[in-house]
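Given next are the chains, with one letter for each unit.
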Amino acid sequence: MQSKADLHVHTKYSNRPSEWFLRRVGAPESFTEPMDVYRRCKARGMEYVTISDHNRIDGALEIAHLPGTFISSEITTYFPEDGCKIHCLVTGVTEQQFAMIDELRPNIYEFQQYLINNDIIYSVAHPLFSVNERLTVQHVEQLLLMFKRFEGINGARDPRASELVNVIFRNLTPKIIEQMANTHNMEPLGPEPWRKCFTGGSDDHGGQYIASAYTSTPEAQSLNEFLDHLRAGRHDMGGKHGTSTQLAHSFCHIAYSYYKSKLINDAGSRGSLIADLLHRLLNRPTELEPAGGIGGKVKGWIGGAVLARKRQKMSEVERIIFDEFRDIAESDTFRDNNTTTEDDTLTGDETFRIASRISHKLGYSLAAKFLDRLRDGDLFESLQ
C-alpha cells in the first residue's frame, strides 16, 4: 500500500502568472477554488492534499481545517548574480516558516540555507524549464550541488524534459559532482550528493488534471508520518507527464473563466458569444446542438437568426471573433478529414487545428486594425 499527494497544484490565489500575455491582460494563472482541489484530489485517490500557489499560502490555509491537508507553496527564487528565476516547491511548512521563506526568496543561496537549516521539505520544480529565459547549464549544475530533491514528473510539461531530468540526474557520479563543485567553488549538499530523489505533481492550473501526477510514499497512518517519509526521501513520483494538448486545454479553461469574470457585464455567461464558444470547445455537446457533424453544428450555431441579431450588439472584438468562426465553419477545416469520436466530440488533433487557425486569424485581424488606427494617427484607439 502507498500514500499519495499531488504536491504541485494551483488555485485562484496564483495570481501572478509567468506568461507575459496573462500578466498584461491581468488574468491570473488559475481560477480553481481551493475546495475544488480538495474534492478532486480525494476523488482521485490522494490520501493527503495540499495547494502550492505561487508565493502564497492563502489557498492552502483555506482548506487547512480539513483532514489530511498541509501547507505548501511554489516559491520563485533568484540567482542574485544574474536574476535567473527558479521555482521551488516547499511542502508541509508553517505560516511562520513561509513568512521567512518569502523574505529570503530573492536570494537562492539564503533561501536554500534556510530550507536546509530548518529541515524543510522542498523539491525544485520543473528543473530544466527556463522560467525567464535565463537558465543555463551552469545554473543547473549549481542546483544539483545545492539540492537533492527534484520534480521528476510534471503533469503540465512535455515528457521529454522530465525524461532528461531522469536520465541526467539519476546517473550522477561522485566524480561528476566533484568536478561541478570545483568549477563553481561550492560545497555539495549532503553525504552522497550524487544521489537524488524525485517528486511528482500535476502543476494543474485549469482544474482539469488535478492529481494526474503525484508523489507516493509507503503507507502512512497519519499526516505527520507522510511528511516524515517525504523529509527522509522515502518517496517516488507517479502518474502521467503533461502534453501540449493538456496545457492548451488548461489555458482554454483559464481564458473561459477570465472572460466570465472580467468581460461579461451581466450576471452570467448566457447570451455571450465568446463564453458560449469557449464553453462548447471545453465541454461535451448537448442534445440541443444541430445535427450534421461538427461542421454542421458550428455552422448551425453561428449562423442562427438569434446570433445574427446579437451580432449587431457585439463589441468590435466580438464581431471579429464571430466573423472568423463563421469563415472557419464554412472552410475546409470542417469539410476535410473531420471525423469525431463515438461520443461525437472533437479529437485532440481537430481541436488543435481549429484553435491554431482561430488564434492566427484573430491575431492577424487585430493587428491589421491596430495598424489602420495607427496610420490614421489615432494612437489611443489603436492601443485600446
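This is a predicted model, so every value here is computed, not measured.

1. Concerning the overall build of the protein chain
Then comes step 1: A count of helical and extended segments in the protein chain gives 17 helices and 9 strands.
Then comes step 2: When each of the 384 residues of the protein chain is scored for burial, the buried share is 46%.
Then comes step 3: Of all intrachain contacts in the protein chain linking residues separated by at least 6 positions in sequence, the fraction that spans at least 24 positions is 65%.
Then comes step 4: Accessible surface, the protein chain: about 19,700 Å² in total, of which carbon and sulfur atoms supply 51%.

2. Notes on the side chain of T69
Then comes step 1: Mapped onto the elements, T69 comes out in strand β3 (residues 69-79).
Then comes step 2: Within the local environment of T69, its side chain forms a polar contact with the backbone oxygen of I63, the two atoms lying 3.2 Å apart.
Then comes step 3: If we ignore the near neighbours within four places in the chain, the residues touching T69 are Y38, V49, I63, A64 and L223.

3. Quick word on a nonpolar patch on the surface
Then comes step 1: On the surface, L128, L164, V167 and I168 cluster together into a nonpolar patch covering about 320 Å² of accessible area.
Then comes step 2: V167 sits in the exposed class, given a relative accessible area of 52%.

4. With respect to helix α2 (residues 34-43)
Then comes step 1: Taken residue by residue, α2 has P34, V37, Y38 and C41 as its buried positions. The arc that holds every buried residue of α2, seen down its axis, measures 100°, which confines them to one face.
Then comes step 2: Those residues of α2 that are buried lie in contact with β2 (49-51), α3 (58-62) and β3.
Then comes step 3: One or two positions beyond α2, positive phi appears at G45, with a value near 90°.

5. Things to note about unusual backbone geometry
Then comes step 1: Positive phi, close to 55°, is recorded for N185, a residue that is not glycine.
Then comes step 2: Residue position: N185 is located in the loop between α8 (174-184) and β7 (197-201).
Then comes step 3: With a relative accessible area of 72%, N185 lands in the exposed category.
Then comes step 4: Phi is positive for A211, close to 70°, though the residue is something other than glycine.
Then comes step 5: Mapped onto the elements of the fold, A211 is located in the loop between β7 and β8 (213-218).
Then comes step 6: Residue A211 is classed as buried on the basis of its relative accessible area of 10%.

6. Some remarks on the packing of aromatic side chains
Then comes step 1: One pass over the structure, following the stated rule, counts 5 aromatic pairs.
Then comes step 2: Geometrically, the ring pair formed by Y48 and F226 is stacked, given 4.7 Å between the ring centres and 25° between the ring planes. With a gap of 178 residues between them, Y48 in the loop between α2 and β2 and F226 in helix α9 (residues 223-231) connect regions that are remote in the sequence.
Then comes step 3: Classification of F226 by relative accessible area gives buried; the value is 0%.
Then comes step 4: Plain terms: the ring middles of Y122 and F147 are 5.3 Å apart, the flat faces sit at 65° to each other, and that makes the pair edge-to-face. Taken together, the residues Y122 in strand β5 (residues 121-124) and F147 in the loop between α6 (137-146) and β6 (149-154) connect sequence positions 25 residues apart. Here Y122 matches F147 in class, with each residue buried.
Then comes step 5: Ring pairing ties together the aromatic residues Y48, F70 and F226, which thus form one cluster.
Then comes step 6: Lying over the aromatic face of Y214, K4 brings its terminal NZ or CZ to 4.7 Å of the ring centre.
Then comes step 7: One cation-aromatic arrangement involves R149 over Y122; the distance from NZ or CZ to the ring centre is 5.2 Å.

7. Describing the nonpolar core
Then comes step 1: Counting residues in hydrophobic clusters, the biggest one holds 51 residues, and the most contacted among them are I101, L115 and F147.
Then comes step 2: When residues of this core are assigned to their parent elements, the largest contribution, 5 residues, is made by α6.
Then comes step 3: Once residues lying within four places of it in the same chain are set aside, the contact partners of L115 are C88, V90, I101, I120, Y122 and F147.

8. Comments concerning the pattern of salt bridges
Then comes step 1: Counting across every chain of the model gives 8 salt bridges.
Then comes step 2: A salt bridge links E33 to K12, with the shortest nitrogen-to-oxygen separation between them at 3.0 Å. Here E33 is found in the loop between α1 (20-25) and α2, whereas its partner K12 is found in the loop between β1 (2-5) and α1, with 21 residues between them in sequence.
Then comes step 3: You can call K12 partly exposed: its relative accessible area is 30%.
Then comes step 4: Between D203 and R157 there is a salt bridge, with its nearest N and O atoms 3.8 Å apart. Taken together, the residues span a long stretch of sequence, with D203 in the loop between β7 and β8 and R157 in the loop between β6 and α7 (159-169) at a distance of 46 residues.
Then comes step 5: Because the salt bridges share partners, they merge into one network encompassing D119, D228 and R231.

Each value, and the rule that gives it
The written sequence of each chain sets the order in which its residues are numbered from 1. Only residues with pLDDT of at least 70 get local features here, since the model is predicted, and only at 80 or more are side-chain atom pairs given and counted; chain-wide, interface and lining totals rely on the full set of residues. Based on all heavy atoms of the structure, the side-chain values leave hydrogens and waters out of the count. Strands here are runs of E lasting at least two residues and helices are runs of H or I lasting at least four, both read from the DSSP assignment and numbered beginning at the N terminus. Only protein chains enter the accessibility calculation, which uses a 1.4 Å probe; a residue is then buried when its area is under 20% of its type maximum, exposed when over 50%, and partly exposed in between. Residue contacts follow a heavy-atom distance rule, with two residues in contact if any of their heavy atoms lie within 4.5 Å. Here the accessible surface of atoms and residues is derived via Shrake-Rupley with a 1.4 Å probe, and residues count as covered only by protein chains that are part of the display. Pairs of N or O atoms within 3.5 Å make up the polar contacts considered here, provided that, within protein, one atom can donate a hydrogen while the other can accept it, and that residues adjacent in sequence are counted only when both atoms are side-chain atoms. Residues with no salt bridge and a relative accessible area higher than 30% make up the patches, which join like charges within 9 Å and nonpolar side chains (Val, Leu, Ile, Met, Phe, Trp, Tyr) within 5 Å. The working definition used for a salt bridge is a side-chain nitrogen of Lys or Arg within 4 Å of a carboxyl oxygen of Asp or Glu. This arc describes the spread of directions from the helix axis toward the C-beta atoms. Planes of paired rings set the category: under 30 degrees apart is stacked, over 60 is edge-to-face and the rest tilted, where pairs are Phe, Tyr or Trp rings (Trp by its six-membered ring) whose centres lie within 6.5 Å. Only Lys NZ and Arg CZ are tested; either one counts as a charge over a ring when it is within 6 Å of the ring centre and within 35 degrees of the ring normal. By nonpolar core is meant a set of buried Ala, Val, Leu, Ile, Met, Phe, Trp, Tyr and Cys residues that side-chain atoms within 4.5 Å join together.

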